[in-house]
Amino acid sequence: LGVWRSLYRWTTRRPLGPEGAETFSYAGPVTPVICAFIGLSAIEIPVAHLLLPWQTARVIVLVVGIWGLTWMLGLLASLKTYPHVVDGSGLRIRYGTTLDMTIPWDALASIGVRHRDLPSSRTVQIGRLESGTVLHVGIASQTSVDVALRDPVTVRLPKGSERVAELRFHADDARALVACARQHVTPHL
């Protein structure tokens, strides 16, 4: 369902965020890879049709190929149409249609640019530090923005909820996102 909704939003050029909000993309590192898979899948469908001698096999490969191509287009669309958002309500961190959380400004202690490599290629990863639990939302096994929270907050994740003290996520233009967010963060006295 998220794939179809994303494709609709992408093709109809729906707004990326609420009016007056700043949006920040995060799909830069994975876009070339997804586009390569889309191109290969688009070539694979007619080639398989020409090479397979059995009509039943052709139909099966056609259906599976179109489904896979549509899914990859939808994945790319979801990454493009659901960016991170900075607005008056807080910092909204997203990953396509699977992750969407808003951290209110009064919960942020600090935000900064720091590029990190992650040990795994999973998008959502949980780490443990002395200061508490760290949520990593990585793209291509990397993050570029660190957020320290004043107090741990509970965030809803694809596989349940987690109480986190720090967030680390990727933004294509991390410096611009951090500069925009710092306008909203009030110093803790």
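Look above for the structure.
Residues numbered from 1 in each chain as written. Predicted model: local features only at pLDDT ≥ 70, side-chain atom pairs only at ≥ 80, totals over all residues. Heavy atoms only, no water.

Engineer: Help me out: how do you make sense of unusual backbone geometry in this one?
Structural biologist: If a residue is not glycine, its phi is most likely negative; likewise, a peptide bond is most likely trans. Here A140, not a glycine, exhibits a phi torsion of approximately 55 degrees, which is positive. The residue A140 is located in the loop between strand 7 (132–137) and strand 8 (142–157) in this model. (Helix = DSSP H or I, 4+ residues; strand = E, 2+ residues; numbered from the N terminus.)

Engineer: Would you mind going over the nonpolar core with me for this structure?
Structural biologist: As a rule of thumb, soluble globular proteins bury nonpolar side chains together. Counting 42 residues, the largest nonpolar core has L91, I111, V145, V147 and L177 as its most contacted members. A per-element tally of this core places strand 8 first, with six residues. (Core = buried A, V, L, I, M, F, W, Y, C linked by side-chain atoms within 4.5 Å. Buried < 20%, exposed > 50% of the residue type's maximum accessible area, 1.4 Å probe, protein only.)

Engineer: Is there a simple way to think about the layout of surface pockets in this case?
Structural biologist: Unoccupied space between atoms shows up once a probe the size of one water molecule is rolled over them. If you add up the space inside the largest pocket, you get close to 280 Å³. Forming the boundary of the largest pocket are 13 residues, of which R122, V124, Q125, P158 and K159 lie nearest the centre. Counting residues per element, the ones that place at least two in the lining of the largest pocket are strand 6 (124–129) and strand 9 (160–169). Counted by class, the lining of the largest pocket contains five nonpolar, five polar and three charged residues. Of the voids in this model, the second largest pocket is the one considered here, and its volume is about 200 Å³. Elements supplying a minimum of two residues to the lining of the second largest pocket: helix 2 (31–51) and helix 3 (55–81). In terms of residue count, helix 3 provides more of the lining of the second largest pocket than any other element does, four residues in total. Grouping the constituent residues of the lining of the second largest pocket by class yields eleven nonpolar, four polar and no charged. (1 Å grid on protein atoms, 1.4 Å probe; cavity = no way out; pocket = protein on both sides within 12 Å on 5 of 7 lines; lining within 4 Å. Points joined across faces, edges and corners; volume = space filled by probe spheres on them. Nonpolar A, V, L, I, M, F, W, Y, C, P; charged D, E, K, R; others polar.)

Engineer: Is there a simple way to explain the sheet that holds strand 7 in this structure?
Structural biologist: Note on sheets: strands pair through backbone hydrogen bonds, and any given pair is parallel or antiparallel. Here we have five strands laid out as an open sheet, ordered 5-8-9-7-6, and mixed in their pairing. In this open sheet, the two strands that pair with only one neighbour each are strand 5 (108–117) and strand 6. When strand polarity is set aside, the average angle formed by the axes of neighbouring strands in this sheet is 45 degrees. Of the strands in this sheet, strand 5, strand 8 and strand 9 touch helix 4 (residues 174–182), which is tilted by about 175 degrees from strand 5. (Pairing = 2+ DSSP bridges. Axes fitted to C-alpha atoms, helices over the stretch in contact; angles between N-to-C directions. Contact = heavy atoms within 4.5 Å.)

Engineer: What's the story with the packing of helix 1 (residues 2–11) against helix 3 in this structure? I'm lost.
Structural biologist: The geometry of a pair of packed helices is captured by two quantities: the angle between their axes and the separation between those axes. Put simply, helix 1 and helix 3 touch, their axes get as near as 8 Å, and they point 65 degrees apart. In the crossing of helix 1 with helix 3, the sense of the turn from one axis to the other is left-handed. Every residue of helix 3 that contacts helix 1 at V3, W4, S6, L7, R9 and W10 is listed here: T70, W71, L73, G74, L76, A77, S78, K80 and T81. (Left-handed = near helix turned anticlockwise from the far one by under 90°.)

Engineer: Help me understand helix 3, please; the structure alone is not making it clear to me.
Structural biologist: Helix length check: helix 3 (27 residues) gives 38 Å between terminal C-alpha atoms against 39 Å at 1.5 Å per residue, within 8%. Three or more residues of helix 3 are buried, namely G65, G68, L69, T70, M72, G74, L76, A77, S78, L79 and T81. Buried residues in helix 3 make contact with helix 1, helix 2 and strand 3 (90–95). (Expected span 1.5 Å × (residues − 1).)

Engineer: What should I look at first to understand the pattern of salt bridges in this one?
Structural biologist: Applying the stated rule across the entire model yields six salt bridges. One salt bridge in this structure joins D100 and R92, with 2.6 Å as the shortest N-O distance. Residue classification places D100 among the partly exposed positions, given a relative accessible area of 36%. The class for R92 is partly exposed, based on a relative accessible area of 25%. Here R94 ties to D100 by a salt bridge, and the two come within 3.8 Å at their closest N and O atoms. Three or more residues are tied together by salt bridges with common partners; here these are R116, D146, E166 and R168. (Salt bridge = Lys/Arg side-chain N within 4 Å of Asp/Glu carboxyl O.)

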